[in-house]
Amino acid sequence: MSLRHRPAHEEEDASTLRLGPEFNNAGCLLISEVRYLLEHRPSEKAAPDTTVYKKTLEYVKTFAKFDKPEAAAAIRETLRRESALTQFEIAQIANLCPVTAEEAKSIIPSLVKIEDDKLQPLLDEIQTMRKFQS
């Protein structure tokens, strides 16, 4: 009986941004953007009457941090100013809205690559934008 060798594959680990090959060039949506997309479907396409759709809509309504797509877009643009951030990290910061650089790095470990004095002003700006969204 012969043993087959499995090809070696890299272990997936979000803390080090190893998300798997299917995510290498994938964009990341903010929860607020998903909420907007689900709530503003074209009128000719009725929302599916499925449990998964209903639970997804309930989830995004609960956890969306920004009420308007313009606010989510502004947050995304603010975070893009830091070129070291990946799309995944941008989405995580915008979805979780950490207040301090220390908190951000504890919940998104890959952010250790960014100095606190570069990250904190971005987080402060997001908190201000979140406070004054209308």
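Since this is a predicted model, take the numbers as computed values, not measurements.

Calculation notes
- Residues numbered from 1 in each chain as written.
- Predicted model: local features only at pLDDT ≥ 70, side-chain atom pairs only at ≥ 80, totals over all residues.
- Heavy atoms only, no water.
- Buried < 20%, exposed > 50% of the residue type's maximum accessible area, 1.4 Å probe, protein only.
- Helix = DSSP H or I, 4+ residues; strand = E, 2+ residues; numbered from the N terminus.
- Contact = heavy atoms within 4.5 Å.
- Core = buried A, V, L, I, M, F, W, Y, C linked by side-chain atoms within 4.5 Å.
- Polar contact = N/O pair within 3.5 Å; in protein donor to acceptor, adjacent residues only side chain to side chain.
- Salt bridge = Lys/Arg side-chain N within 4 Å of Asp/Glu carboxyl O.
- Axes fitted to C-alpha atoms, helices over the stretch in contact; angles between N-to-C directions.
- Parallel < 35°, antiparallel > 145°, perpendicular 65-115°, else oblique.
- Nonpolar A, V, L, I, M, F, W, Y, C, P; charged D, E, K, R; others polar.
- pLDDT = per-residue confidence, 0-100.
- Left-handed = near helix turned anticlockwise from the far one by under 90°.

Here we look at helix α1 (residues 31-39)
Where α1 is concerned, the buried positions are I31, S32, E33 and L38. The elements touched by buried residues of α1 are α2 (51-63), α3 (69-80) and α4 (87-96).

Focus on the nonpolar core
Counting 20 residues, the largest nonpolar core has L79, L85, I93, L111, L119 and I126 as the members making the most contacts within it. Listing elements by their share of this core, those giving two or more residues are α3, α4, α5 (101-107) and α6 (116-132). Not counting residues within four places of it along the chain, the set of residues in contact with L111 comprises L85, E89, I93, A104, K105 and L119. The next biggest cluster of nonpolar side chains, apart from the first, holds six residues, and it includes L38, Y53, L57 and V60.

Considering the side chain of N95
The topology assignment puts N95 in helix α4. You can call N95 buried: its relative accessible area is 12%. Side-chain polar atoms of N95 contact the backbone nitrogen of I31, separated by 2.7 Å. When residues no more than four places from it in sequence are discounted, the contact partners of N95 are L29, L30, I31 and K65.

Let's talk about the pattern of salt bridges
Taken as a whole and assessed by the stated rule, the structure comprises eight salt bridges. The salt bridge partner of E89 is K113, with a shortest N-O separation of 2.9 Å. Of the two residues, E89 sits in helix α4 while K113 sits in the loop between α5 and α6, which places them 24 residues apart along the sequence. K113 gets classed as partly exposed once you look at its relative accessible area, which sits at 41%.

Looking at the packing of α3 against α6
Working note: a packed helix pair is described by the angle between its axes plus the distance between those axes. As a packed pair, α3 and α6 sit with axes 10 Å apart at the nearest point and diverge in direction by 170°. Accordingly, the angle class assigned to the pair α3 and α6 is roughly antiparallel. Residue-level inspection shows A74, I75, T78 and L79 of α3 in contact with α6, the latter providing L122, E125, I126 and M129. When its residues are assigned to classes, the contact of α3 with α6 shows six nonpolar, one polar and one charged.

What to know about the confidence of the model for the chain
For the chain, the mean per-residue pLDDT works out to 87, and 87% of the residues sit at or above 70. The element-level mean pLDDT for the chain is lowest in α1, coming to 94, with α5 highest at 97.

Quick word on the environment of V99
Following the sequence through the fold, V99 ends up in the loop between α4 and α5. We classify V99 as partly exposed; its relative accessible area is 43%. Separated by 23 residues in sequence, V99 and L122 have C-alpha atoms that sit 9.8 Å apart. Other than its neighbours up to four places away in sequence, V99 contacts Q120, L123, D124 and Q127.

Some details on the packing of α1 against α2
As a packed pair, α1 and α2 sit with axes 9 Å apart at the nearest point and diverge in direction by 130°. Taken together, the axes of α1 and α2 lie oblique to each other. Read as a crossing pair, α1 and α2 show a hand that is left-handed. For the pair α1 and α2, the contacting residues are I31, V34, R35, L38 and E39 in the first and Y53, T56, L57, Y59, V60, K61 and F63 in the second. Looking at the contact of α1 with α2 residue by residue, the class counts come to eight nonpolar, one polar and three charged.

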